[in-house]
Amino acid sequence: FSRNAIVSILIFELFLQFYQLSPFIGSVILLIILLFFEAISTNIIDLVTAVGLSESARLESVETGSGRLVAWKFAWTEIQKNFVFGKGWAFDEYIFYKPENQAKLNLLNHQGGVHNVYLGFWLNTGIVGLVMFFSAFFFTFYKAAKHSIMAVPAMYSLMFLANFEPWLLASLNPYTIQLLIILTIIIYIEQEKPALQPALQSSDP
């Protein structure tokens, strides 16, 4: 199973419960988690072992992030060369799958691409593109939050998953398409419900 997917679902369910009680409580819980994030991440192996999930959680690969740490260090080194504007779309794929780089990364126990949305955008579009994309990202979820209590918990879940999976970098994969469909339903369908209800009721015999 995907550990990242399971944790992202748990994040969504946890914050959904808090935000149903009060958005203020949800925000306070997020702040507490951020304040203690370093302590949690440092002791994550002990925590998982304590609840008896060491074998199923594949702890042998937690510390190295299943090779992702190698990818992130390599990506960060490349970002320094084009920090502000990046090198253009799909540069992350080009640099990671360049034969000499791929061979070097394979020797360090990494296969694949950058495995991180934030670093991927930074590689391709620089800090300028990264800030522009996530400004629009937050604004979209801000609009969605006006119509559904699920919007902010979903955003937290996605932001966590973006640390480990690069799917948000692409526009034509099924995950991004589903996200856009969900946001469209929340923003443009949910807000029409009050107007639709009287019309539906008046049509009843």
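Cut-offs applied
Residues numbered from 1 in each chain as written. Predicted model: local features only at pLDDT ≥ 70, side-chain atom pairs only at ≥ 80, totals over all residues. Heavy atoms only, no water. Helix = DSSP H or I, 4+ residues; strand = E, 2+ residues; numbered from the N terminus. Buried < 20%, exposed > 50% of the residue type's maximum accessible area, 1.4 Å probe, protein only. Areas by Shrake-Rupley, 256 points an atom, 1.4 Å probe, with all protein chains shown as cover. pLDDT = per-residue confidence, 0-100. Contact = heavy atoms within 4.5 Å. Axes fitted to C-alpha atoms, helices over the stretch in contact; angles between N-to-C directions. Parallel < 35°, antiparallel > 145°, perpendicular 65-115°, else oblique. Nonpolar A, V, L, I, M, F, W, Y, C, P; charged D, E, K, R; others polar. Core = buried A, V, L, I, M, F, W, Y, C linked by side-chain atoms within 4.5 Å. Salt bridge = Lys/Arg side-chain N within 4 Å of Asp/Glu carboxyl O. Patch = residues over 30% accessible without salt bridge, like charges linked within 9 Å, V, L, I, M, F, W, Y side chains within 5 Å. Left-handed = near helix turned anticlockwise from the far one by under 90°. Phe/Tyr/Trp six-rings, centres within 6.5 Å; stacked < 30°, edge-to-face > 60°.

### Re the overall build of the protein chain
Piece 1. Scanning the protein chain from terminus to terminus reveals eleven helices and zero strands.
Piece 2. Ordered by position from the N terminus, the helices and strands of the protein chain form the series α-α-α-α-α-α-α-α-α-α-α.
Piece 3. Among the 205 residues that make up the protein chain, the fraction classed as buried is 34%.
Piece 4. Carbon and sulfur atoms provide 69% of the accessible area of the protein chain, an area that totals close to 12900 Å².

### Quick notes on the confidence of the model for the protein chain
Do not read the fine detail of predicted coordinates wherever pLDDT is low.
Piece 1. Model confidence for the protein chain is summarised by a mean pLDDT of 80, while 76% of its residues fall at 70 or above.
Piece 2. Per-element confidence in the protein chain is highest for helix α8 (residues 117–145), whose mean pLDDT is 93, and lowest for helix α11 (residues 193–202), whose mean pLDDT is 46.
Piece 3. This stretch, residues 59–65, has a pLDDT under 50; its non-local contacts, to residues over four places away or in other chains, come to 13 contacts.
Piece 4. Below a pLDDT of 50 lies the segment residues 195–204, which in the model reaches zero contacts outside its immediate sequence neighbourhood of four places, other chains included.

### A short note on the packing of helix α1 (residues 3–21) against helix α2 (residues 23–35)
Piece 1. Packing of α1 against α2 leaves a shortest axis separation of 5 Å and a crossing angle of 140°. In terms of axis orientation, α1 runs oblique to α2. Judged by residue contacts, Phe15, Phe18, Tyr19 and Leu21 of α1 engage Pro23, Ile25, Gly26, Ser27, Ile29, Leu30 and Ile33 from α2.
Piece 2. Here the contact of α1 with α2 is composed, by residue class, of nine nonpolar, two polar and no charged.

### Here's the deal with the nonpolar core
Piece 1. The biggest cluster of nonpolar side chains holds 38 residues, and the ones touching the most others in it are Phe96 and Phe141.
Piece 2. Top contributing element to this core by residue count: α8, with eleven residues.
Piece 3. Phe96 has contacts with Ala71, Phe74, Ala75, Asn101, Gln102, Leu105, His110, Gly112, Gly113, Val114 and Leu123, leaving out every residue within four places of it along the chain.

### Concerning the pattern of salt bridges
Piece 1. Across all of its chains, the model carries three salt bridges by this definition.
Piece 2. Among the ionic pairs, Glu100 bridges to Lys98, the shortest N-O distance being 3.7 Å.

### Focus: unusual backbone geometry
Piece 1. With a phi close to 70°, Ala90 is a non-glycine residue in the positive phi region.
Piece 2. Within the element layout of this structure, Ala90 appears in the loop between α5 (68–79) and α6 (91–97).
Piece 3. A positive phi is found at His115, a non-glycine position, where the angle reads about 55°.

### Some thoughts on a nonpolar patch on the surface
Piece 1. Among the surface-exposed residues, Leu21, Phe24, Ile25, Val28, Leu31, Ile32, Leu35 and Phe36 lie close enough to one another that they form a single nonpolar patch of about 820 Å² accessible area.
Piece 2. Among the elements that line the nonpolar patch, the one with the most residues is α2, at six residues.
Piece 3. Mapping Ile25 onto the fold places it in helix α2.

### A word on the packing of α5 against α8
Piece 1. Contact geometry for α5 and α8: axes closest at 9 Å, N-to-C directions at 25°. The angle between the axes of α5 and α8 places the two elements in the roughly parallel class. Here the hand of the crossing between α5 and α8 comes out left-handed. Between α5 and α8, the residues in contact are Trp72, Ala75, Trp76, Glu78 and Ile79 and Leu119, Trp122 and Leu123, respectively.
Piece 2. Looking at the contact of α5 with α8 residue by residue, the classes come out as seven nonpolar, no polar and one charged.

### Some words on the packing of aromatic side chains
Piece 1. This structure, assessed with the given rule, holds 21 aromatic pairs.
Piece 2. Seen in terms of ring centroids, Phe91 and Tyr94 are 6.1 Å apart; in terms of plane orientation they differ by 35°. Their pairing is tilted. One end of the pair, Phe91, and the other, Tyr94, are both in helix α6, three residues apart, so they sit about a helical turn from each other.
Piece 3. Every member of this aromatic cluster is reached through a ring pair, and the members are Trp89, Tyr118, Phe121, Phe133, Phe134, Phe137, Phe138 and Phe141.

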